[in-house]
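The residues making up each chain are set out below.
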Number of protein chains: 2
Amino acid sequence: MSWLDDVKWDAQGLVPAIAQEVGSNDVLMLAFMNREALERTAASGEAVYYSRSRGRLWHKGEESGHIQKVHELRLDCDGDVVLLKVEQLGHTPGIACHTGRHACFFRRLDGEEWKTVEPALKDPARIYT
Amino acid sequence: MSWLDDVKWDAQGLVPAIAQEVGSNDVLMLAFMNREALERTAASGEAVYYSRSRGRLWHKGEESGHIQKVHELRLDCDGDVVLLKVEQLGHTPGIACHTGRHACFFRRLDGEEWKTVEPALKDPARIYT
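If you're wondering where the values come from, they're calculated on a predicted model, not measured in any experiment. (Residues numbered from 1 in each chain as written. Chains lettered and ligands numbered in written order. Predicted model: local features only at pLDDT ≥ 70, side-chain atom pairs only at ≥ 80, totals over all residues. Heavy atoms only, no water.)

Draft legend 1. A look at the pairing of strand β1 (residues 15-21) of chain B. Residues and elements named next belong to chain B. Counting buried residues in β1 gives 7 out of 7 residues, a clear majority hidden from the surface. Of the two faces of β1, the one holding V15, A17, A19 and E21 and the one holding P16, I18 and Q20 are both buried throughout. In the sheet, β1 pairs with strand β2 (residues 27-33) via 6 bridges, with the strands oriented antiparallel. Paired with A19 across the strands is M29, a residue of β2. The hairpin formed by β1 and β2 contains 5 residues between the paired strands, and G23 there has a positive phi angle of roughly 100°. Sheet analysis places β1 next to strand β6 (residues 82-88), joined by 5 bridges and oriented parallel. (Buried < 20%, exposed > 50% of the residue type's maximum accessible area, 1.4 Å probe, protein only. Helix = DSSP H or I, 4+ residues; strand = E, 2+ residues; numbered from the N terminus. Pairing = 2+ DSSP bridges.)

Draft legend 2. Highlighting the sheet that holds strand β7 (residues 107-110) of chain A. Sheet architecture is open: 6 strands sit in the order β8(A)-β7(A)-β5(B)-β6(B)-β1(B)-β2(B), paired in mixed fashion. Of all the strands in the sheet, the pair left with one neighbour each is β8 (113-116) of chain A together with β2 of chain B. Mean inter-strand twist for the sheet, computed between neighbouring axes without regard to direction, equals 35°. Taken together, the 4 bridges between β7 of chain A and β8 of chain A define a ladder with antiparallel strand orientation. In the strand pairing of β8 of chain A, R108 of chain A is matched with K115 of chain A. (Axes fitted to C-alpha atoms, helices over the stretch in contact; angles between N-to-C directions.)

Draft legend 3. Summary view of the interface of chain B and chain A. Facing 39 residues of chain B, the contacting portion of chain A comprises 39 residues. Counting the surface lost from both chain B and chain A, the interface buries some 3,400 Å², and carbon and sulfur atoms represent 63% of this. One can count 4 salt bridges joining chain B with chain A. Note that R74 of chain B is salt-bridged to E118 of chain A, the shortest N-O span being 3.0 Å. Our count for the chain B to chain A interface comes out at 20 residue pairs in polar contact (both at pLDDT 80 or more). Of all the secondary structure elements, the ones that give two or more residues to the side of chain B that touches chain A are β1, β2, β5 (68-75), β6, β7 (107-110) and β8 (113-116) of chain B. Among the elements that line the side of chain B that touches chain A, the one with the most residues is β5 of chain B, at 4 residues. (Contact = heavy atoms within 4.5 Å. Buried area = accessible area lost by both parts, 1.4 Å probe. Salt bridge = Lys/Arg side-chain N within 4 Å of Asp/Glu carboxyl O. Polar contact = N/O pair within 3.5 Å; in protein donor to acceptor, adjacent residues only side chain to side chain.)

Draft legend 4. Here's a closer look at the relation of the copies chain B and chain A. Rotating chain B by 180° about the axis while translating it 0.0 Å along that axis superimposes it on chain A, leaving an RMSD of 0.0 Å. On this basis, the relationship between the two copies can be described by a two-fold rotation axis. Identified as the residue of chain B closest to the rotation axis by C-alpha distance is N25 of chain B, at 2.8 Å. The overlap is high: 100% of the interface residues of chain B also sit at the interface in chain A, so the same surface is used on both sides. (Least-squares fit on C-alpha atoms with pLDDT ≥ 70 in both.)

Structure (structure tokens):
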């Protein structure tokens, strides 16, 4: 039995993985991992996800340079959600979102509308060159 | 168009919803919401999820009394993950997990093993009476 067998993978062989910033405790993003992604994350100390849109492993920061250094891996009570405590590298303050923002959760419900309430820290055109 | 149409529901009509504690910024849990759950959450100001195991709406705290008062609702860049900033009611400190712990992410990877690193704050037998 491996620690990877303690994870309850869904029908697609995936689990949601939440990246939370060490220090600020900000929730940066949520992506999915398959078994290989989680194994590589633990082995390398850098976040590796499974991109459902691209259908392949995705070493976070491979294009942007916005690598996530993993300080801790956690598993929830049901074994079907992973939490990563990460240091968001490549820019200060850290940029986890492909829109150039610190975190992906930059829209807040305001009445009947999602309003953007966080600024972009860098132009995405300059991130993905 | 409603703000609910901005959410990209998956093939089962669900989105993952992360509950984060206001103040501490602790990630308490992840559950799923369908359209009705999100609508009721926004309307009532208390977290309502969709329980996949029970196949019905689940007003968090309906049995345990551990209600989540919602301070903010956020949507991510892709529109397929919701973040709730909540106040965890019913016990001090807050108990979000059915095991009686503050949060569901109480197992930390230590070498090749998930180790429980957070204490139960209340016996589950006393929560669900």
